[in-house]
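What follows is the residue order along each chain.
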Amino acid sequence: MADKKQLIVLGAGPGGYAAAFYAADIGMDVTLIDPESNPGGVCLYRGCIPSKALLHIAKVINESEEAVSWGVKFSKPDIDIDKIREWKENVVKKLTGGLGQLSKQRKINYIQGRGSFESSNKLKVEKNDGSAESLSFENIIVATGSHPTRIPSLSIESDRFIYSSGALELKDIPRTMLVIGGGYIGLELGTVYAALGTKVSMVEMMPGLLPGADRDLVAVLSKRADKIFESIYLNTTAKKIEETQNGLKVTFEGKDIRESEQVFEKVLMAVGRRPDTKNFGLENTKVQLNDKGFIKVDPKRRTDDPGIYAIGDVAGEPMLAHKASHEGRVAVEAINGQKAAFDPRAIPAVVFTDPEIAWCGLTESEAKEKGIEYQVAKFPWGASGRATTLGRNDGVTKLLIDPKTERILGVGIAGPGAGELIAEGVLAIEMAAKVEDLSLTIHPHPTLSETIMASADVFFGTATDIYRPRRK
Ligand SMILES: Cc1cc2nc3c(=O)[nH]c(=O)nc-3n(C[C@H](O)[C@H](O)[C@H](O)COP(=O)(O)OP(=O)(O)OC[C@H]3O[C@@H](n4cnc5c(N)ncnc54)[C@H](O)[C@@H]3O)c2cc1C
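No experiment lies behind these values; they were computed from the predicted model shown.

Conventions and cut-offs
- Residues numbered from 1 in each chain as written.
- Predicted model: local features only at pLDDT ≥ 70, side-chain atom pairs only at ≥ 80, totals over all residues.
- Heavy atoms only, no water.
- Helix = DSSP H or I, 4+ residues; strand = E, 2+ residues; numbered from the N terminus.
- Contact = heavy atoms within 4.5 Å.
- Pairing = 2+ DSSP bridges.
- Axes fitted to C-alpha atoms, helices over the stretch in contact; angles between N-to-C directions.
- Disulfide = S-S within 2.5 Å.
- Buried < 20%, exposed > 50% of the residue type's maximum accessible area, 1.4 Å probe, protein only.
- Near = heavy atom within 4 Å.
- Polar contact = N/O pair within 3.5 Å; in protein donor to acceptor, adjacent residues only side chain to side chain.
- Areas by Shrake-Rupley, 256 points an atom, 1.4 Å probe, with all protein chains shown as cover.
- Nonpolar A, V, L, I, M, F, W, Y, C, P; charged D, E, K, R; others polar.

Asker: Teacher, can you tell me more about the environment of R386 here?
Answerer: Considering the arrangement of structural elements, one finds R386 in helix α10 (residues 385-389). Residues contacting R386, with those up to four places away along its chain left out, are P446, T447 and L448.

Asker: Just checking my understanding: could you explain the sheet that holds strand β19 (residues 375-380) for this structure?
Answerer: Remark on secondary structure: sheet strands pair via backbone hydrogen bonds, oriented parallel or antiparallel. Across the sheet, five strands lie side by side as β17-β18-β21-β20-β19; this open sheet has antiparallel pairing. Edge positions in the open sheet fall to β17 (349-351) and β19, since each of these has one partner strand only. Between one strand axis and the next, the sheet turns by 10 degrees as a mean value, whatever way the strands run. Where strand β18 (residues 357-361) and strand β21 (residues 408-414) come together, five bridges link them in antiparallel fashion.

Asker: Looking at this structure, I do not really get the state of the cysteines. What am I missing?
Answerer: Two cysteines, two sulfur atoms, one covalent bond between them: this is a disulfide. The tally for this structure, following the rule as stated, stands at one disulfide. A sulfur-sulfur distance of 2.3 Å marks the disulfide that ties C43 to C48. Handedness of the C43-C48 disulfide follows from its S-S torsion of about -130 degrees: it is left-handed. The cysteine C360 is free of any disulfide, with C48 supplying the nearest cysteine sulfur at 18 Å. C360 sits in the buried class, given a relative accessible area of 0%.

Asker: Teacher, can you tell me more about the pairing of strand β13 (residues 261-264) here?
Answerer: The two faces of a sheet get side chains in turn, since along a regular strand they alternate between them. Side chains Q262 and F264 of β13 all project onto a buried face; the interleaved residues E261 and V263 project onto a face where none is buried. Both strand β12 (residues 247-253) and β13 contribute to a ladder of four bridges, which runs antiparallel. Each residue of the ladder has a partner; that of V250, found in β13, is Q262.

Asker: So what exactly am I meant to see when it comes to the site of the ligand here?
Answerer: G15, D34, K52, D313 and A321 are the nearest of the 38 residues found near the ligand. At 3.2 Å, a backbone N or O of M319 approaches an oxygen atom of the ligand. For the ligand, the accessible surface in isolation is 1000 Å², of which the surrounding protein chains cover 95%. Of all elements in the fold, only α1 (14-25), β2 (30-34), α2 (41-46), α3 (48-66), β3 (109-119), α6 (184-196) and α8 (321-335) reach the threshold of two or more residues within the shell around the ligand. Per element, the largest residue contribution to the shell around the ligand is four residues, and it comes from α2. In terms of residue class, the shell around the ligand is built from 17 nonpolar, 15 polar and six charged.

See below:
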C-alpha cells in the first residue's frame, strides 16, 4: 500500500522548488519530483541563469570595445569557447548544487524521476534509476513548466537547427546565425553570439522587435541592435529551411527582404514557449486547460480538480521565473488554509540585452488598447549625470500616471541596469505610491536610480536637470 504524502510538487523549477521549500518551512511533509539531479528547472539549467552568465561575458566584451572612445584600448578578445562553456556550467552547478543542499536541509523527499497522474489522487513516479513507485497525495502542485514552440513546417532534423537549450550549450561559435523570432530569448541569445564573433541576423514577422513592449523603450534597443546584428528583417517570415552542404538555406517572405534565400551556418528558433501539459496523465484527472493551452487555475492556483494546484509557466502568462515562485507561495498558503490569492499589481519584465529594457504595471500599449486614461512623465538619460559618466546617454525612464489620483500605474526603463532599477517601480505600484512620493524620495547621486525621481519631477515641471514647463 503506497503511503500518503502530505504535499507533492511535480517539477522543481523556480515555481516548484520555491513552493516545496516554503511548504517545508511551514511544517509540511513534502515530496519534490524532477528528472534532474538537483532542483533548478529550465530557469537554472537551460534558461535565466546560463543565459545571464553568457550575457555578462558579452557585456564585458562590448564595454571593452567601447572603452576606445574613453582613451582605453584593449586588444581584440581571445575567445576560449571551452573555458566560457566551463564558466557557464560552473555557475549552473553552483546554484543547482546549492538548491540540492537546501532541499536536504529542509528534509524534503527529493525524487529524481518523472511523475504521471494515474487518477486525481495517485501519481506514478518513474525514477531515473529505473524503478517505479505509486504515491497517493492529499495535495499536489503541478509545476511542469514549458518548452520551446516548434513550427512543424520549419523544424528540420539537423545539428545546425537549434532551440534556446542548444544555443546555451555553446558547442561552437558559428560564422553566421539566423535567429527566428525577435522576442526576449532571441534577442538575448543573439546578443551573446554576436559578442563572441558570430554574424547574427534576426527575422521577426511583426513590424518591430519585442512585440508587446512599448515602442519608445524598444526604439532605444533597436538603435543598438542595428549595430550589433548583421541584419534585422522585420515584417518578414521564414518560410522554408533546407539543409545544404554549406549550411541551412532559409527562404524568407516579406516586402522589405532583399535576398529571399540566404544560407546560415546555424538557425536558432526562438518563437515563444508552450506550457508542458502533455504526457503526464492530466487526462486522468479533472484538470482543465484554458483556450491558450495553460492549466486553468483560480486566484489560489487551484485547478478544476480539488487537491491539484498549478503554478508557473504551465499555469499562464507571463512565463517568468519570479511569477512562478510567487505563485508557489500562494498555492502553499492556500493548501495550508491561509487566506491567499495571486493578485499582483505589477510583475516586472526584463530583457537583458544591451541596453536592458524593463517595465512593470501598465504599459502604454495596454493602456491604449484598454482605453485606460494615463499621463506620461519621461526623463531622457541624456540629462542624467550617471548615464553620462557611463557614456550611455541613450536611455530613458518613464512613468505612467493616473491623471486623477496621481498614482503610479506603470514604469518603463531602457538603459544599462534597467533590470535592477525596475524593482523600485514594482514597489511603488504595489504600495500604491503617488508620483509625489517618488519625487520626494531622496535618491543617491550620481546613480541611474535618480532618473525615476527625475521622471516624477518632470510630471510636476520641476526637474532640475531638464526644463519642462511647470504643471498648472
Ligand atoms: C533561454 C531562456 C532564458 C530565460 N530567461 C529568463 C529570465 O531572465 N528571467 C525570467 O524570469 N525568466 C526567464 N526565462 C523563463 C523561465 O525559465 C521560466 O519562466 C521558469 O523557468 C518557469 O518556472 P517553472 O517553475 O514554471 O518551470 P520550469 O523552470 O520550466 O521547470 C519545470 C520542471 O519540471 C520538470 N518536469 C516536467 N514534467 C515533469 C514530470 N512529469 N515529472 C517531473 N518533473 C517534470 C522539468 O523537467 C523542469 O525541470 C527564460 C527561459 C529561457 C528558455
